[in-house]
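Inside the fold
Residue-level listing of the chains:
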Amino acid sequence: MSTDARATAETTAAAPDTSFEVVVVSYRSREQVAGLLAGLPADLPVAVVDNARGADGVEELTRTRTAGRYVDTGGGAGYARAANLGVRTSRHPYVVLVNPDTRPTTAVLEALVRDVAGDPTCASSAALNVGPDGTSEIGTGGWEPTFARSLVHATGAHALFPRRGLFARPAVGEEIDLDWTTGAVMAVRRELFLELGGLDERYFVYSEDVAYGRTARERGLHQVLRTDLPVAHASGGSGAPSLEMMRLRGASFARYVATTRRPLRARTVAGVVGTGYLVRAVRSRAGGDPGRAREHLMYARGAFTGRAWVAGEEVTGRE
């Protein structure tokens, strides 16, 4: 073997395996999934986890790809369980969780994977969600919901003090330290993700990303939000009704604080946030926006009661 050939072989042998698979959880999201897949190479490994019992034909989309994989949860599993199933059944060392209504490029996916591959203390690396106008979305990451932060969010003071509330809205390229990041486009090391327990399945959807951040911090790990990697996000890739989802947002928040705080503090934090959304509902209705008022009201109901339903079935209070 020549010197050059030997050097090439040694370099190849030493190079870590950074192959990855994209895992997409779909709930009646065929159109969004189709748009996502159209922007990715046909040979890129993609697993579509169907949470709607094949209702909209996403299996057909998956089968058209050379490296496509279809996973059927049997329906009604919730986002956390479906995502965990996709990661658990993957054969790749790295996985990128991608929401159907996001549009990451291959370059973005590869950059996120390099982050977790190059740092064993990195529990995840996520891209920055941006809207149609290119500005970041609120909720792309955030901080642990303390009473003070909840009060800032409830009163709307986060508009004046953007790093004092619950949810972050960093500018593209802005450096920021967060307690948790969005899972909309998030790369993980499969082995570490599963070792941490994956996403907390007590949450049907929402707050599982907050819980994952807490678990990572408790293990001495950190997460990265790549604000230099903006990814278009349509904010609405699920087939579930928006009012149903708003109540579930509030209920998931209440459940999170209930599982991480003492009872009185948990009720206080959830009550403060719920009251804030009640005030928002009144203001929206007075301002001539009844649709937005109903959304705020549903969030408040979820926060106050800690209960929510999807397709007529209660999905909160799961263990």
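Residues numbered from 1 in each chain as written. Predicted model: local features only at pLDDT ≥ 70, side-chain atom pairs only at ≥ 80, totals over all residues. Heavy atoms only, no water.

A short note on helix H6 (residues 147-155)
We apply this condition: Partly exposed residues are those whose accessible area sits between 20% and 50% of the maximum for their type, while under 20% is buried and over 50% is exposed, using a 1.4 Å probe and protein chains only. Only DSSP runs of H or I covering at least 4 residues are called helices, and only runs of E covering at least 2 are called strands; the numbering of each starts at the N terminus.
All of the buried residues in H6 are Arg149, Ser150, Val152, His153 and Ala154. Looking at the residues trailing H6, positive phi occurs at glycine 156, about 80°.

Remarks on the packing of aromatic side chains
Our working rule: In this analysis, rings of Phe, Tyr and Trp, with Trp reduced to its six-membered ring, are considered paired at centre separations within 6.5 Å, and the interplanar angle assigns stacked below 30 degrees, edge-to-face beyond 60, and tilted for intermediate values.
A complete count under the given rule lists four aromatic pairs for this structure. A centroid spacing of 6.3 Å and a plane angle of 45° characterise the contact between tyrosine 203 and tyrosine 256, whose relative ring orientation is tilted. Taken together, the residues span a long stretch of sequence, with tyrosine 203 in the loop between helix H7 (190-195) and helix H8 (208-218) and tyrosine 256 in helix H9 (residues 242-260) at a distance of 53 residues. Ring geometry for tyrosine 277 against tyrosine 299: centres 3.9 Å apart, planes inclined by 20°, an arrangement best described as stacked. Residue tyrosine 277 is found in helix H10 (residues 263-286), and its partner tyrosine 299 is found in helix H11 (residues 290-305); the two are separated by 22 residues along the sequence. The exposure classification of tyrosine 277 matches that of tyrosine 299, with both residues buried.

Description of the confidence of the model for the protein chain
Which entries qualify depends on this criterion: The quantity called pLDDT is the predictor's confidence in a given residue, expressed from 0 to 100. Throughout, a contact is declared for two residues whenever any of their heavy atoms are within 4.5 Å.
This prediction gives the protein chain a mean pLDDT of 93; 93% of its residues lie at or above 70. The model gives residues 7-13 a pLDDT under 50, and that stretch makes zero contacts with residues more than four places away or in other chains.

Re the packing of H9 against H10
We count it as follows: Working convention: axes come from line fits to C-alpha atoms, limited for helices to the stretch in contact. Angles between N-to-C directions cover 0 to 180 degrees. We call two directions roughly parallel when the angle between them is under 35 degrees, roughly antiparallel when it is over 145, roughly perpendicular when it lies between 65 and 115, and oblique otherwise. By definition, any crossing whose near helix is turned counterclockwise from its far helix by less than a right angle is left-handed, and any crossing with a clockwise turn is right-handed.
Packing of H9 against H10 leaves a shortest axis separation of 8 Å and a crossing angle of 155°. The angle between the axes of H9 and H10 places the two elements in the roughly antiparallel class. Seen from above, H9 lies across H10 with right-handed handedness. Contacts from Phe253, Ala254, Val257 and Ala258 in H9 reach Ala266, Val269, Ala270 and Val273 in H10.

Here's the deal with the pattern of salt bridges
Selection rule: The rule for a salt bridge is simple: a side-chain nitrogen of Lys or Arg has to be within 4 Å of a carboxyl oxygen of Asp or Glu.
Across all of its chains, the model carries 14 salt bridges by this definition. Look at the salt bridges and you will find they share partners, linking Glu144, Arg214, Arg217, Glu218 and Arg261 into a network.

Some words on the pairing of strand S8 (residues 185-189)
Let me state the cut-off plainly: Should DSSP find at least two bridges between two strands, the strands are taken to pair.
In terms of residue burial, S8 counts as a mostly covered element, since four of its five residues are buried. As paired elements, strand S4 (residues 94-98) and S8 share five bridges and run antiparallel to each other. What sits directly across from valine 98, in S8, is valine 185. Alignment of strand S5 (residues 122-130) against S8, held across two bridges, turns out to be antiparallel. In the strand pairing of S8, alanine 126 is matched with methionine 186.

Comments concerning the nonpolar core
Quick note on the threshold: Side-chain atoms within 4.5 Å link the members of a nonpolar core, which is a set of buried Ala, Val, Leu, Ile, Met, Phe, Trp, Tyr and Cys residues.
Membership of the largest hydrophobic core comes to 38 residues, with the highest contact counts inside it found for Tyr79, Leu97, Leu199, Tyr212 and Leu248. For this core, the element with the highest residue contribution is helix H4 (residues 79-88), accounting for five residues. Apart from the residues within four sequence positions on either side, tyrosine 79 is in contact with Val25, Asn51, Leu97, Asn99, Gly183, Leu199, Phe204, Val205 and Glu208. The next biggest cluster of nonpolar side chains, apart from the first, holds 28 residues, and it includes Val24, Leu40, Tyr70 and Ala111.

Looking at the side chain of glutamate 208
Our working rule: A residue counts as positive if it is Lys or Arg and as negative if it is Asp or Glu; His and the chain ends are not included. Think of a polar contact as two N or O atoms within 3.5 Å of one another; within protein, one of them needs to be a possible hydrogen donor and the other a possible acceptor, and neighboring residues in sequence only count if both atoms come from side chains.
Note on placement: glutamate 208 falls in helix H8. This buried residue, glutamate 208, is left without a salt bridge; arginine 249 holds the nearest opposite charge, at 9.1 Å. Among the polar contacts listed, one links the side chain of glutamate 208 to the backbone nitrogen of tyrosine 206, at a separation of 2.6 Å.

Quick notes on the environment of glutamate 201
Its location among the elements puts glutamate 201 in the loop between H7 and H8. For glutamate 201, a relative accessible area of 28% puts it in the partly exposed group. In this structure, the C-alpha to C-alpha distance between glutamate 201 and alanine 83, residues 118 residues apart in sequence, is 9.7 Å.

Things to note about the environment of leucine 194
Among the secondary structure elements, leucine 194 is positioned in helix H7. When the C-alpha positions of leucine 194 and arginine 88 are compared, they lie 7.2 Å apart, and in sequence the two are 106 residues distant. The contact partners of leucine 194, leaving out residues within four places of it in the chain, are Val87 and Arg88.

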